[in-house]
Amino acid sequence: MNLTEDHKELKSLVRKFAEDEIRPIANELDQTGRFPIEVYRKLGELGFFGICVPENLGGAGLDVLNYALVMEELSRGYASVADQCGLVELIATLLVDYGTPQQQKQILSDVLSFKKIVAYCITEPEAGTDVAGIRSVATKTDNGWLLNGQKVWIHNGPIADLGFVLAKTDPDAGHHGMSVFMVDLNADGVTKGKKESKLGQCASPVGALTFDNVQLSENALLGKEGKGFPIMMNVLNKGRVGIASLAVGIAQAGLEAALDYARQRKQFGREIAKFQGIQWLIADMAKDIEAARLLVHSAAIKMDNGENATKACSMAKCFASDIAVARTSDAIQIFGGSGYIRGFEVERLYRDAKITQIYEGTNQIQRTIIFRELDKMGALND
């Protein structure tokens with residue numbers, strides 16, 4: 001798929017940033033779990049946050065394809081960094097699409113500059129894929145709202161300043177009784193859980209949030225009351241393009257590491273890259289990564305063209321994350337015993353890849369969405 005010169009220029013710019021600023025510290029971030037605020041502030045200064053946010057609102061005003069390119073290149077450096085870029089894009093999209101001018105003015109610039117760390121808060125102990133199962137409740141008061149409930153596995157939960165929280169405002173109305181609230185996570189009544197110890201993407205903190213009679217102003221409501229479910233779901237197509245791109249970046253880094261190692265490692269008197277078995281592994285890695293990348297770009301272009309991109313986004317996310325896990329496993333195989341040792345890049349990439357099959361909608365639910373979209377069309381060859 002041909003990229004414009006502007007696309008290529010941005011891709012090159014982000015790749016250089018990832019090579020200079022991210023890859024050199026990726027192993028340290030993985031081992032310590034440190035949150036590299038200095039990297040995120042630089043990304044904000046360079047305009048890599050809010051890629052699709054209109055220029056008049058402080059963003060870059062670029063298309064979804066550009067966003068996909070940024071996510072892939074950042075992830076090629078380290079997936080935890082790309083994860084933050086994707087989270088900011090998700091929250092910024094919510095504000096652009098559903099925020100009032102006052103909310104945009106008060107919040108958006110701080111989000112894009114990373115002065116405020118944000119969190120997207122849906123998942124609960126009894127509600128993951130089944131969003132209708134959430135139990136958090138916002139009760140209307142004379143001055144606004146009173147929020148009670150708990151969220152789990154929330155990215156940035158332990159450190160975030162601002163949460164976009166889905167809660168029930170009419171518990172008897174199912175999907176039609178939910179609303180989204182912007183919550184100061186440093187306010188009275190908010191408890192941040194401990195940072196969880198994770199398999200991969202260790203520098204992207206995850207934890208629980210508990211809300212105990214948290215007082216919210218009327219201005220805390222994002223969009224219309226009762227429209228929270230479609231509001232949160234409507235941004236997920238872009239989110240899935242982002243995670244698919246992130247998965248491609250992980251897999252690409254694995255391919256490059258494996259190819260470089262195969263050219264250096266010698267067995268039986270010659271480089272292992274000269275053995276057919278290794279060549280076939282690397283060839284399969286390359287073709288699957290290219291196929292995933294093309295699916296991602298196709299989905300992004302559909303979004304940019306205003307087409308129904310639901311099926312394309314789910315296909316891209318599902319395929320890219322599956323091949324990221326499978327092909328980083330192949331990279332470890334090429335490295336042999338070395339690939340199984342902490343400190344080698346391919347070992348980290350394999351761990352970082354796994355979560356891409358789970359967050360932003362599990363790959364099982366992606367397959368359900370794909371079939372549902374096919375079934376709607378009445379044809380399986382569209």
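Described below are features of the structure shown in this document. What you are looking at is a predicted structure, and each value in this text was computed from that prediction instead of being measured. (Residues numbered from 1 in each chain as written. Predicted model: local features only at pLDDT ≥ 70, side-chain atom pairs only at ≥ 80, totals over all residues. Heavy atoms only, no water.)

Taken as a whole, this structure holds nine aromatic pairs when the rule is applied. Each ring, one from phenylalanine 17 and one from phenylalanine 48, has its centre 6.2 Å from the other, and the planes form 80°; the classification is edge-to-face. In this pair, phenylalanine 17 sits in helix H1 (residues 5-32) while phenylalanine 48 sits in the loop between helix H2 (37-46) and helix H3 (64-77), placing the two residues 31 residues apart along the sequence. For phenylalanine 17, a relative accessible area of 8% gives the class buried. Relative to phenylalanine 114, the ring of phenylalanine 49 lies with its centre 5.4 Å away and its plane at 20°, an arrangement referred to as stacked. With phenylalanine 49 in the loop between H2 and H3 and phenylalanine 114 in the loop between helix H5 (101-112) and strand S1 (118-121), this pair connects stretches of sequence that are 65 residues apart. Grouping residues by exposure puts phenylalanine 49 and phenylalanine 114 together as buried. Here the aromatic residues Phe35, Tyr40, Phe49 and Phe114 are joined through ring pairs into a cluster of three or more. Residue placement shows arginine 270 over the ring face of phenylalanine 275; its charged tip is 4.3 Å from the ring centre. (Phe/Tyr/Trp six-rings, centres within 6.5 Å; stacked < 30°, edge-to-face > 60°. Helix = DSSP H or I, 4+ residues; strand = E, 2+ residues; numbered from the N terminus. Buried < 20%, exposed > 50% of the residue type's maximum accessible area, 1.4 Å probe, protein only. Lys NZ or Arg CZ within 6 Å of the ring centre and 35° of its normal.)

On to the packing of helix H9 (residues 310-335) against helix H10 (residues 345-354), then. Direction vectors running N to C along H9 and H10 enclose 165°, while the axes themselves pass 9 Å from each other. Compared by their axis directions, H9 and H10 come out roughly antiparallel. As for the relative orientation of H9 and H10, their crossing is left-handed in sense. Residues Ala324, Val325, Thr328, Ser329, Ala331, Ile332 and Phe335 of H9 pack against Val346, Glu347, Leu349, Tyr350, Ala353 and Lys354 of H10. When its residues are assigned to classes, the contact of H9 with H10 shows nine nonpolar, two polar and two charged. (Axes fitted to C-alpha atoms, helices over the stretch in contact; angles between N-to-C directions. Parallel < 35°, antiparallel > 145°, perpendicular 65-115°, else oblique. Left-handed = near helix turned anticlockwise from the far one by under 90°. Contact = heavy atoms within 4.5 Å. Nonpolar A, V, L, I, M, F, W, Y, C, P; charged D, E, K, R; others polar.)

This paragraph deals with the pattern of salt bridges. With the rule as written, the count across this model stands at 31 salt bridges. With its nearest N and O atoms 3.2 Å apart, the salt bridge here joins glutamate 38 to arginine 34. Notably, a salt bridge pairs glutamate 72 with arginine 293, separated by 2.8 Å at the nearest N-O pair. Taken as a pair, glutamate 72 in helix H3 and arginine 293 in helix H8 (residues 276-304) lie far apart in primary sequence, 221 residues in all. Take glutamate 72: its relative accessible area is 4%, and that puts it in the buried class. (Salt bridge = Lys/Arg side-chain N within 4 Å of Asp/Glu carboxyl O.)

Once that is clear, we can look at the packing of H3 against H8. At their nearest, the axes of H3 and H8 sit 8 Å apart, and the two run at 145° to each other. Along its contact with H3, which presents Val64, Leu65, Ala68, Leu69 and Glu72, the element H8 presents Arg293, Val296, His297, Ala300, Ile301, Met303 and Asp304. Considered class by class, the residues forming the contact of H3 with H8 number eight nonpolar, one polar and three charged.

The backbone phi angle of tryptophan 153 is positive, close to 55°, even though this residue is not glycine. Residue tryptophan 153 is classed as exposed on the basis of its relative accessible area of 57%. One non-glycine residue with positive phi stands out, namely asparagine 213, at about 55°. Positionally, asparagine 213 belongs in strand S7 (residues 206-217). For asparagine 213, a relative accessible area of 43% corresponds to the partly exposed category.

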